[in-house]
Amino acid sequence: MDEMQSRSDDAGQFELNPGPTCGPSPGIEMQDDLEGDALREECGVFGIFGHPEAAAITALGLHALQHRGQEAAGIVSFDGARFHSERRLGLVGDTFSRRDMIERLPGNAAIGHVRYSTTGATILRNVQPLFAELNAGGFAVGHNGNLTNGLTLRRELVRNGAMMQSTTDTEVILHLVAQSKRNRFIDRFIDALRTIEGAYSLVSLTNKKLIGARDPLGIRPLVLGELDGCPIVASETCALDIIGAKYVRDVSPGEVVVFDEHGTQSHKPFPPMPPRPCIFEYIYFARPDSIAGGRSVYEVRKAFGAQLARESPADVDVVVPVPDSGVPAAVGYSQYSGVPFELGIIRNHYVGRTFIQPTQNVRELGVRMKHSANRAAIEGKRIILIDDSLVRGTTSKKIVRMMRDAGAREVHFRLASPPILYPDYYGIDLPDRGGLLAATHSLEEMREIIGADSLAFLSIDGMYRAMGEPGRDPANPKFADHCFTGDYPTYLTDQTQTEQQPRQLSLLAEAS
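How each quantity is defined
Residues numbered from 1 in each chain as written. Predicted model: local features only at pLDDT ≥ 70, side-chain atom pairs only at ≥ 80, totals over all residues. Heavy atoms only, no water. Helix = DSSP H or I, 4+ residues; strand = E, 2+ residues; numbered from the N terminus. Expected span 1.5 Å × (residues − 1). Buried < 20%, exposed > 50% of the residue type's maximum accessible area, 1.4 Å probe, protein only. Contact = heavy atoms within 4.5 Å. Axes fitted to C-alpha atoms, helices over the stretch in contact; angles between N-to-C directions. Parallel < 35°, antiparallel > 145°, perpendicular 65-115°, else oblique. Left-handed = near helix turned anticlockwise from the far one by under 90°. Nonpolar A, V, L, I, M, F, W, Y, C, P; charged D, E, K, R; others polar. Salt bridge = Lys/Arg side-chain N within 4 Å of Asp/Glu carboxyl O. Core = buried A, V, L, I, M, F, W, Y, C linked by side-chain atoms within 4.5 Å. Pairing = 2+ DSSP bridges.

A. Helix H14 (residues 394–405), seen in detail. With 12 residues, H14 extends 17 Å between its outermost C-alpha atoms, agreeing within 8% with the 16 Å of an ideal straight helix rising 1.5 Å per residue. For H14, the set of buried residues is Thr395, Ser396, Lys398, Ile399, Val400, Met402 and Met403. Within two residues after H14, Gly407 carries a phi angle of roughly 100 degrees, on the positive side.

B. Structural detail: the environment of Ile57. Here Ile57 shows up in helix H2 (residues 54–64). A relative accessible area of 7% means that Ile57 is categorised as buried. Once the C-alpha coordinates of Ile57 and Ile102 are considered, the two residues, 45 residues apart in sequence, prove to be 9.8 Å apart. Setting aside anything within four residues of it in sequence, one finds Ile57 in contact with Phe46, Ile48, His51, Leu227 and Ile243.

C. Region of the structure containing the packing of helix H6 (residues 170–179) against helix H7 (residues 185–195). Interhelical geometry of H6 versus H7 gives an angle of 130 degrees and a closest axis separation of 8 Å. Between H6 and H7, the angle falls in the class oblique. Considering how the two elements wind past one another, H6 and H7 form a crossing that is right-handed. Contact residues: Ile173, Leu176, Val177 and Ala178 in H6; Phe185, Arg188, Phe189, Ala192 and Thr195 in H7. Grouping the amino acids of the contact of H6 with H7 by side-chain chemistry returns seven nonpolar, one polar and one charged.

D. The pattern of salt bridges, seen in detail. For the coordinates displayed, the defined rule picks out 27 salt bridges. Close ionic contact of Glu236 with Arg68 constitutes a salt bridge, the shortest N to O distance being 2.7 Å. Of this pair, Glu236 sits in the loop between strand S12 (230–234) and helix H8 (238–241) while Arg68 is found in the loop between H2 and strand S4 (72–78), placing the two residues 168 residues apart along the sequence. Exposure class is identical for Glu236 and Arg68. Each is buried.

E. How the structure looks around the nonpolar core. In this structure, Ile279, Phe280 and Phe304 are the most contacted members of the largest nonpolar core, which totals 43 residues. When contributions to this core are tallied by element, the ones reaching two or more residues are helix H9 (280–285), helix H10 (297–311), helix H11 (327–337), strand S21 (382–387), helix H17 (460–466) and helix H18 (482–485). In this structure Phe304 touches Tyr282, Ile283, Ala416, Leu458, Met463, Ala466 and Met467, once residues within four positions along its chain are discounted. Membership of the second largest hydrophobic core comes to 29 residues, among which are Leu130, Val172, Leu174 and Val177.

F. Molecular detail of the pairing of strand S3 (residues 44–49). Of all six residues in S3, six are buried, a share of seventy percent or more. Of the two faces of S3, the one carrying Gly44, Phe46 and Ile48 and the one carrying Val45, Gly47 and Phe49 are both buried. Pairing of S3 with S12 involves three bridges; the strand directions are antiparallel. Across the sheet, Gly47 pairs through a bridge with Val233, a residue of S12.

G. Fine view of unusual backbone geometry. Of note, the bond from Gln128 into Pro129 is cis; its omega dihedral lies within 30 degrees of zero at 5 degrees. With respect to the secondary-structure elements, Pro129 resides in the loop between strand S6 (109–115) and strand S7 (130–134). Cis geometry marks the peptide bond from Pro323 to Asp324; its omega dihedral reads -5 degrees. Turning to its location among the elements, Asp324 is positioned in the loop between strand S18 (318–321) and H11.

H. Region of interest: the sheet that holds strand S22 (residues 410–415). One open sheet accounts for four strands, arranged S18-S21-S22-S23; its pairing is parallel. Because the sheet does not close on itself, it has two edges, and the strands there are S18 and strand S23 (454–457). On average, each strand axis in the sheet is tilted by 20 degrees relative to the strand beside it, whichever way the strands run. Here S18 runs beside S21; their pairing, made up of four bridges, is parallel. Among the inter-strand pairings, Pro321 is bridged to a residue of S21, identified as Ile386. The strands that H14 touches are S21 and S22; relative to S22, the one it contacts most, it runs at about 150 degrees.

What follows is the structure, encoded as structure tokens:
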């Protein structure tokens with residue numbers, strides 16, 4: 001165990017337990033095409049203040065948020081004198097279900113993070129929450145989102161003498177807080193927020209406070225809860241449900257919420273702006289049982305499917321979802337169209353990531369380990385496949401082939417979102433435009449590539465109607481829908497720099 005001295009109000013120690021680095025490196029894993037074509041999850045954050053079992057509750061909350069990031073997880077707690085940190089590569093249950101691990105995280109305040117890397121490689125030093133020793137004491141932070149000026153700020157900080165220990169944009173926030181000249185910590189924190197651009201939901205822990213913050217447009221989600229009178233901040237309401245906590249409200253866009261021994265304070269340091277929450281929370285990212293922005297994610301996805309049935313009907317025998325994300329939309333499509341719903345594809349949830357396979361034939365077998373056709377439900381039938389989105393098309397192509405191999409007479413394909421035409425810079429790991437099938441091919445070309453008898457996407461106006469809006473108002477869009485429209489809601493400072501901005505900034509190779 002490495003130990004670093006850390007000063008809080010009462011001098012103490014910051015204990016950093018990075019854990020074993022055995023096992024295969026993520027850098028040598030190769031995802032099969034079904035996984036590689038999926039939208040890549042963002043991150044999830046959780047924090048609780050004033051509870052004697054803070055670390056255990058945080059671990060449970062992270063379990064509920066596991067869908068938002070499966071590469072790494074971490075928890076930082078504070079026991080009144082010392083901060084304690086445990087960060088690990090892998091799933092939450094691989095580490096934080098063990099009693100000895102939770103016992104190494106004492107204290108009545110804790111924050112946690114599950115990670116999928118969009119900025120910074122998957123190595124232990126990038127696993128959050130990150131911790132820094134400031135002149136006011138210890139400061140830990142976990143971040144969901146992506147800073148669109150993070151690389152530019154990083155370069156400026158390094159030029160001014162900052163020594164970066166990670167390659168994630170979250171570390172920029174630590175340095176900005178440290179360099180602020182304000183006296184109160186919360187003012188220094190807000191100073192940092194005024195400097196950054198992009199999308200963020202933050203949970204932060206000091207020796208006195210738990211802080212939650214959301215970007216001014218509300219692109220990334222953050223909710224408040226309460227358990228046994230103790231405040232909670234989390235990425236989604238499903239993290240509250242798993243621990244039996246009460247949902248209080250969403251953190252408002254641009255709001256900074258502070259919890260300490262004196263109660264709750266709300267700061268709104270930014271001018272009010274029309275919110276632009278990320279539409280992909282409803283399409284893909286949020287768990288179906290979560291409530292996002294006052295809307296049931298499950299009901300919204302069903303509404304996407306019903307709208308898709310209105311816009312793009314097909315003369316078929318059964319509706320088949322592509323599991324798992326296509327299931328609610330397929331239910332909605334089936335209910336509206338009257339076409340029976342069948343589980344024509346069975347997903348094996350107990351298969352982990354597949355490693356490098358020596359031949360294409362073996363790789364194909366690896367794909368079938370995760371998804372297999374339910375021949376009894378589709379053989380001899382005209383089927384319509386419902387999926388949430390299409391990125392590169394490799395997933396769709398293999399699924400269509402699998403259906404035909406299992407005896408489907410016709411295979412039609414429907415997507416419960418519009419065509420993805422533009423990359424994302426707010427935390428979704430999408431390829432550049434050249435890697436997006438819809439950005440480089442016509443609808444007919446896409447249909448031929450994936451091998452379907454017909455292909456259709458949900459329209460942009462239809463997506464808005466399913467959300468209860470009359471359609472998309474270009475002058476005042478209600479959501480961050482830039483992947484479909486190219487209408488980015490914030491400045492993209494890093495993308496406009498003439499100096500080359502590498503996506504990864506790691507100069508140190510290390511075991512992970």
